[in-house]
Amino acid sequence: MSGTVQDERPDLPGTAGLEVGVTPGPLSGTVRVVVSGEIDFDNATFLSEALLAALFSHRATLLVDLERVTFCDCAGLNTLLTARHAALQAGRSLHITAEGRRVERLLNLTATRSLFT
């Protein structure tokens, strides 16, 4: 099962849409989650719901591709950390398989990169 969901809220001026695609992963027991757009306070809950749904509906390790993310603030980082914690509690894991410069910088500045490898 795969799919793509978008968060495009016209009622929030200037907010870029967030797109999350979920597909089976390259290995058995994995699911690939591709995130595009901006992750911020306004849409972090949407991303959290998508990550948790992928984690529990597929009962698999999450492989999260953030290469197409153009912005990620502390709310986005908190969402990733919370999803990682939920994965660990469920006996699985969450790995970031690719990230753009902005996400890479955030992970390095906050010394959290090693938590997602």
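Here the structure is a predicted model, which is why all the values come from computation and not from measurement.

Rules used throughout
Residues numbered from 1 in each chain as written. Predicted model: local features only at pLDDT ≥ 70, side-chain atom pairs only at ≥ 80, totals over all residues. Heavy atoms only, no water. Core = buried A, V, L, I, M, F, W, Y, C linked by side-chain atoms within 4.5 Å. Buried < 20%, exposed > 50% of the residue type's maximum accessible area, 1.4 Å probe, protein only. Helix = DSSP H or I, 4+ residues; strand = E, 2+ residues; numbered from the N terminus. Contact = heavy atoms within 4.5 Å. Salt bridge = Lys/Arg side-chain N within 4 Å of Asp/Glu carboxyl O.

Asker: Describe the nonpolar core, naming the residues involved and giving the relevant values.
Answerer: Ranked by size, the top nonpolar core spans 30 residues in total, and within it V33, V35, L62 and L66 carry the most contacts. Sorting the residues of this core by element identifies β2 (18-24), β3 (30-39), α1 (44-58), β4 (61-72), α2 (74-89), β5 (94-99) and α3 (101-109) as the ones contributing at least two each. Beyond its immediate chain neighbours, meaning those up to four positions away, L66 contacts V35, I39, L80, I96, A98, E99, G100 and V103.

Asker: Explain unusual backbone geometry to me, using residue names and the numbers behind them.
Answerer: Phi is positive for R59, which is not a glycine, with a value near 45°. Positionally, R59 belongs in the loop between α1 and β4. Of the residues examined, R59 reaches a relative accessible area of 63% and is grouped as exposed. Even without being a glycine, A111 presents a positive backbone phi close to 55°. By relative accessible area, which is 64% here, A111 ends up exposed.

Asker: I'd like a description of the pattern of salt bridges, backed by residues and values.
Answerer: In total, this model carries two salt bridges according to the counting rule given. For R32, the salt bridge goes to D65, with nearest N and O atoms at 3.0 Å. Residue R32 is located in strand β3, and its partner D65 is located in strand β4; the two are separated by 33 residues in the primary sequence. You can call R32 partly exposed: its relative accessible area is 32%. Across the pair R113 and E99 runs a salt bridge, and its minimum N-O distance is 3.1 Å. Of this pair, R113 sits in the segment after α3 while E99 sits in strand β5; the two residues are 14 residues apart in sequence, bridging distant segments of the chain.

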